[in-house]
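A structural walkthrough
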Amino acid sequence: MNNLKGRDLLSLADLQTSEILELLDLAKQLKTGKLQPSFERKTLGLLFRKASTRTRVSFSVAMHQLGGHVIDLLPSSTQVGRGEPVEDTARVLDRYVDALAVRTFAQSELETFANYCKIPIINALSDREHPCQALADLLTITENFGDLKGLTLTYFGDGNNMAHSLMLGCALVGMNVRIASPIGFMPSPEIVAQTKKIATGKSEVLITNDPRLAAKGAQVVYTDVWASMGQEQEADDRIPLFQPFQLNSELMALADKKAIVLHCLPAHRGEEITAEVLEGDQSKVWDEAENRLHAQKALLVSIL
Ligand code: CP
Ligand code: NVA
């Protein structure tokens with residue numbers, strides 16, 4: 001059993017390589033149903049400032065299947081939405097729930113929760129990272145390819161939260177990672193530096209504006225929306241800039257013949273990905289969405 005009890009997951013880089021691999025193994029065992037751990041009377045709080053289908057439902061179902069309980073702390077029906085300071089909310093929730101999954105804008109808000117709570121804080125998506133999704137993605141990749149080491153993942157599009165967690169996750173498990181983004185939408189220089197440091201001597205990191213170069217021979221091709229939650233007003237202006245990075249059959253033809261297609265969802269067909277590719281034989285997006293449940297169950301069993 002890993003040593004994650006009581007730990008926060010604010011960034012995927014909070015985990016060591018061995019801890020990620022152990023979580024993936026545990027997730028696989030939980031998925032088969034052979035292992036059925038349970039914890040009665042544990043409560044997970046969900047404090048989400050942004051919309052969510054997969055993350056909200058998979059955490060809720062995971063807790064239910066483990067014998068625990070979830071409280072949905074909607075900002076609209078709690079004092080969170082009326083501006084109670086995060087420091088106060090954190091110290092109060094710390095006395096009630098056993099862990100808190102937070103979906104918000106600033107990474108600093110997650111850090112405040114972590115600083116003011118003794119219970120584990122889980123990043124359920126911030127503007128900077130989406131570590132729970134990246135865990136499910138690594139689970140999906142290992143289900144398809146076995147050993148992760150040496151595989152190449154290419155991400156096309158916005159250098160956003162998803163790109164950041166995939167970069168860190170791939171580097172940690174020894175995968176090569178390529179990010180192809182338009183100028184002005186590259187991943188954060190700090191995350192690039194952190195990724196390169198982790199990858200040194202183990203795998204390759206390529207950050208480029210050339211989607212065709214990045215696509216060549218990749219075993220995993222990944223994309224996400226061109227405008228994330230909170231950037232809706234920029235969506236139309238971004239379309240022409242991002243068009244060359246659309247995951248379509250031309251880019252797929254450059255990837256490895258056995259490449260799989262991943263997308264965290266929700267997807268915009270005809271923008272970041274064509275319907276043909278999303279619905280095609282190489283797409284594993286529904287398995288990937290299912291794996292949110294198994295990966296998060298493994299995380300909950302480990303931290304609680
Ligand atoms: N992929 C993902 O996090 O989806 P939701 O926004 O629906 O939770
Ligand atoms: N980058 C997207 C991911 C949604 C799951 C967003 O933040 O909106």
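Just so it is clear, the model here is predicted, and its values are computed rather than measured.

About the thresholds
Residues numbered from 1 in each chain as written. Chains lettered and ligands numbered in written order. Predicted model: local features only at pLDDT ≥ 70, side-chain atom pairs only at ≥ 80, totals over all residues. Heavy atoms only, no water. Near = heavy atom within 4 Å. Polar contact = N/O pair within 3.5 Å; in protein donor to acceptor, adjacent residues only side chain to side chain. 1 Å grid on protein atoms, 1.4 Å probe; cavity = no way out; pocket = protein on both sides within 12 Å on 5 of 7 lines; lining within 4 Å. Sits in = over half its atoms within 2 Å of the grid points. Nonpolar A, V, L, I, M, F, W, Y, C, P; charged D, E, K, R; others polar. Areas by Shrake-Rupley, 256 points an atom, 1.4 Å probe, with all protein chains shown as cover. Points joined across faces, edges and corners; volume = space filled by probe spheres on them. Helix = DSSP H or I, 4+ residues; strand = E, 2+ residues; numbered from the N terminus.

A look at the site of ligand 2
- Taken together, the neighbourhood of ligand 2 is formed by L125, N160, N161, D224, V225, S228, M229 and L265.
- With respect to ligand 2, the side chain of N160 contributes an N or O atom lying 3.3 Å from a nitrogen atom.
- Within the side chain of N161, one N or O atom sits 2.9 Å away from an oxygen atom of ligand 2.
- With respect to the pocket detection grid, ligand 2 is positioned in the largest pocket.
- For the shell around ligand 2, the class distribution of residues is four nonpolar, three polar and one charged.

Quick word on the site of ligand 1
- Taken together, the residues surrounding ligand 1 are S52, T53, R54, T55, R103, H130, Q133, C264, L265 and R292.
- Here C264 contributes a backbone N or O atom positioned 2.9 Å from a nitrogen atom of ligand 1.
- Between R292 and ligand 1, the recorded distance is 3.1 Å, taken from a side-chain N or O atom to an oxygen atom.
- Compared with its free state, where it exposes 250 Å², ligand 1 has 96% of that area covered by protein.

Considering the layout of surface pockets
- Quantified by volume, the largest pocket comes out at close to 520 Å³.
- Contributions of two or more residues to the lining of the largest pocket are made by helix 2 (54-65) and helix 6 (161-172).
- Looking at the lining of the largest pocket, its residues break down into nine nonpolar, 13 polar and nine charged.
- Reported here for the second largest pocket is a volume of approximately 230 Å³.
- Counting residues per element, the lining of the second largest pocket draws most heavily on helix 1 (residues 17-32), at five residues.

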